[in-house]
Amino acid sequence: MASSPGSNASLSREKTILSESSQAKKSQYSEEESFYMNCRAAYLAVFKSSLENIKSKEQLCLVLQQAGRNPSQKTVNQYWTPQTTTLNFDDFCNILKKEKPATKTELLKAFLKVDTNNDGYILHTELYKILTMRGEKMTVEEVNAITKLADVNSNGKLDYNQFCKLYVTTNEQCRKTALEKLEVDSRLRRQQFGSQVETSSERATSPISKPSSRTTRKTDHKPAPKRGDNRTSSRPSSAQSCKASISSTISMGTSSNTNSELIEPNTVKDWQCAQSKGCFFLEEDGEIITHKYRFYLPQRSTVYITIKPLNLSQLEGKTSPWLSVDTALYVLKENESQENLQLMSFTEERNKEMFRWKGELGSGIYWLIPFTTGCRLKKIKKQITGEAKLVYRDEDGELALTKEFKAALSNIFEMIDLDGNGLLSLEEYNFFELRTSGEKCDEEAWDVCKENFDTKKNELTRQGFMDLNLMEANDREGDPSDLWVTLLSLGYNKALEMTAACPFVINICAEKCKPRIKAIYLEAGSRQLNRAICKSVVNKGDAKVLDSGESIIVYTYKSDTRITSVIENKSENKVVIHVNNEQSKNCVNNRGLNIFAVEVAPKSMMVCQHVMPLKEQEEWIYNCVHSLVP
């Protein structure tokens, strides 16, 4: 049947739109690959490998400069806090995303505001005042370095047009020098990923529009390993194999909210239970800090363990972003020591926002390590029009806490009252102190606290906690600076919204005995947690061999809510794996990049990425290509 002119025009418009959309997408990924290549170039200009960590503030400053940034001391201090010991390559990439290089136009605008004569020059004396007394204050030595630049200074004046030009040129030259250094060595040149992406035939013909629940490779004639099997050294021989590149496609429906196989809470009402609260805290560098717990089971028993975000009371109109954050618990058995921990289980099943596990455990000491992928607990870039008010003066001129601040403090009290008894013990209060000030309150200081604020059974009440914060405001004569330090460290923004933390609650019920749980540490992801994640993925995931020697294996684990990939390197040399997620649909990963690369040390295993649906109400497609960089 002949097409009408109208339908031809409509089809032409659709093709144009699709073409433009495709071009925009290609441009986006090109920019992403370029960004990542620049990151690696800067990093490898300072370090021999991206497996090396940044170990000092000076190294951080140097590698930022190699990336064309010129960070002030305040900026460096923002990412290298007193608690920081190391930063890795991923941390560095996240910093570069936030710290964009200043443009010439932006710099000129800043200088024009202080150039009263509008003649293109600023007196050195005026420059000293501006740079050492305003904004991110510079040191006298830093200002002297500027005024000694012969190309932009003469007769006690700074030619800021020339200075801006020199500044931008220097930053760009640093970036180019790092790239050139990367290109000099052919071995390093092969680690550039902008032009090294391999397009496999599987990826080109993969049925993205109507994928099956698992798209297998045409070359795969071997049976898939059974789920739950213990993976031994013979595992790779039964895994899918290919040369240099493998493609994995998994089509997922909308996330399931229930699982009928697990025992429901109302059937364990007669069991003995223990509970503890905790919180995930998101640091500026993207690291997640949380509580770690010791769990004691007096005798062998069937247990039911759950973890879910804590539903705090909210002011009308305020959302609770942390309620959508994924949570999990890894259960590890302590054998001879804390270092020798055996993975027993993890909360894999889901009921709404709750994740849970039911099974039998023997008597003994266990460690519970909370985990979140980081896909949804991320820094939110939000324009805040004004800073929320924390205190005000009443009719008598006395300082008082605002309604909004009281509500936030009440929620904080709920978060740090770990045992949920409505009171704060010294131990609970010290978790709060460690998080907000990095110090602990000793017994003597606690006695003073109990003398001055409302307590019950030697523990601080909610009102006592409120009064303690009011006293802090009075000590500063109404200056809320210290109060904001507390709020920001607990995940609040300047609008008093908790956007960088996720409080949670853990419940343990045992059929035959009384379980006990106690928070022990507040720290970042531990080596034990990483090992537990890797082992769980190897035990329950599907395996594909990436190289002909069967020494590089990619394991992929999927549940209703997340997909995790782990890379194992059995060889004697480090390997670089390029990861491309650009064909995935409705997905978000913990790295924040669709295209990236990872280095895996010899004889080691590492988590490559966690992926979750961006919108749970819609289907999502995981399509990932792992390529071995030669």
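Reading guide: rules and limits
Residues numbered from 1 in each chain as written. Predicted model: local features only at pLDDT ≥ 70, side-chain atom pairs only at ≥ 80, totals over all residues. Heavy atoms only, no water. Phe/Tyr/Trp six-rings, centres within 6.5 Å; stacked < 30°, edge-to-face > 60°. Helix = DSSP H or I, 4+ residues; strand = E, 2+ residues; numbered from the N terminus. Buried < 20%, exposed > 50% of the residue type's maximum accessible area, 1.4 Å probe, protein only. Pairing = 2+ DSSP bridges. Core = buried A, V, L, I, M, F, W, Y, C linked by side-chain atoms within 4.5 Å. Contact = heavy atoms within 4.5 Å. Axes fitted to C-alpha atoms, helices over the stretch in contact; angles between N-to-C directions. Parallel < 35°, antiparallel > 145°, perpendicular 65-115°, else oblique. Left-handed = near helix turned anticlockwise from the far one by under 90°. Nonpolar A, V, L, I, M, F, W, Y, C, P; charged D, E, K, R; others polar. Disulfide = S-S within 2.5 Å. 1 Å grid on protein atoms, 1.4 Å probe; cavity = no way out; pocket = protein on both sides within 12 Å on 5 of 7 lines; lining within 4 Å. Points joined across faces, edges and corners; volume = space filled by probe spheres on them. pLDDT = per-residue confidence, 0-100.

This structure, assessed with the given rule, holds 13 aromatic pairs. Centre to centre, the rings of Tyr429 and Trp446 are 5.5 Å apart; their planes meet at 40°, and the pair counts as tilted. Of this pair, Tyr429 sits in helix α12 (residues 426–436) while Trp446 sits in helix α13 (residues 443–452), and the two are 17 residues apart along the sequence. Considered together, Tyr429 and Trp446 belong to a single accessibility category, that of buried residues. Members of the aromatic cluster, connected to one another through ring pairs, are Phe413, Tyr429, Phe432, Trp446 and Phe465.

This part takes up the sheet that holds strand β2 (residues 153–154). An order of β1-β3-β2 is seen for the three strands of this open sheet, with the pairing classed as antiparallel. The open sheet has two edge strands, β1 (121–123) and β2, and neither has a second partner.

Below, the discussion takes up the nonpolar core. Counting 69 residues, the largest nonpolar core has Leu368, Ile412, Phe465, Leu487 and Ile506 as its most contacted members. Residues contacting Ile412, with those up to four places away along its chain left out, are Phe432, Phe465, Leu487, Leu490 and Tyr492. Val63, Leu87, Ile246 and Ile250 belong to the second-largest nonpolar core, a separate cluster that totals 44 residues.

Let us now look at the pairing of strand β18 (residues 501–510). For β18, a buried count of nine out of ten residues is recorded, marking the element as mostly surrounded by other parts of the structure. As paired elements, strand β6 (residues 272–282) and β18 share ten bridges and run antiparallel to each other. If you follow Lys277 over to β18, its bridge partner there is Val505. Bridging between strand β8 (residues 301–309) and β18 involves seven bridges; their strand directions are antiparallel. The residue bridging Thr306 from the neighbouring strand is Asn507, located in β18.

Let's shift gears to the packing of helix α2 (residues 57–66) against helix α4 (residues 89–98). Contact pair α2 / α4: the axes reach a minimum separation of 11 Å and the direction vectors enclose 55°. Here α4 runs oblique to α2, going by the angle between their axes. In the crossing of α2 with α4, the sense of the turn from one axis to the other is right-handed. Two secondary-structure elements touch here, α2 through Leu60, Val63 and Leu64 and α4 through Phe92, Ile95 and Leu96. Here the contact of α2 with α4 is built from residues that sort into six nonpolar, no polar and no charged.

Tallying each qualifying case throughout the model produces one disulfide. Note on cysteine connectivity: Cys273 is disulfide-linked to Cys509, with sulfurs 2.3 Å apart. Across the disulfide from Cys273 to Cys509, rotation about the S-S bond amounts to roughly 100°, and the bridge is consequently right-handed. Within this pair, whereas Cys273 is found in strand β6, its partner Cys509 is found in strand β18, the two being separated by 236 residues in sequence. With no disulfide of its own, Cys93 lies 3.9 Å from the sulfur of Cys39, the closest cysteine sulfur.

This brings us to empty space enclosed by the protein. A probe matching the size of a water molecule, rolled over the atoms, marks out where space remains unfilled. Taken as a whole and judged by the stated rule, the model has two cavities of 30 Å³ or more. Approximately 100 Å³ is the volume attributed to the largest cavity. Taken together, 14 residues line the largest cavity, and the ones lying closest to its centre are Thr327, Ala328, Phe355, Thr561 and Arg562. Put simply, the second largest cavity is a space of about 80 Å³. Cys279, Phe281, His291, Met415, Ile416, Leu418, Glu428, Phe431, Phe432, Arg435 and Leu490 together form the lining of the second largest cavity.

This next bit is on the confidence of the model for the protein. Of all residues in the protein, 79% have pLDDT values of 70 or greater, and the mean over the chain is 80. Low pLDDT (under 50) marks residues 1–8, which in the prediction has one contact with non-local residues, meaning those over four places away or in another chain. The model gives residues 185–242 a pLDDT under 50, and that stretch makes 113 contacts with residues more than four places away or in other chains.

If you want to describe how two helices pack, look at the angle between their axes and the distance between the axes. Remark: α12 packs on helix α15 (residues 481–489), axes separated minimally by 9 Å, with the N-to-C direction vectors making an angle of 100°. Between α12 and α15, the angle is such that the two are roughly perpendicular. Contacts between α12 and α15 involve Phe432, Arg435 and Thr436 on the former and, on the latter, Val485, Thr486 and Ser489. Each residue belonging to the contact of α12 with α15 can be placed in one class, and the counts come to two nonpolar, three polar and one charged.

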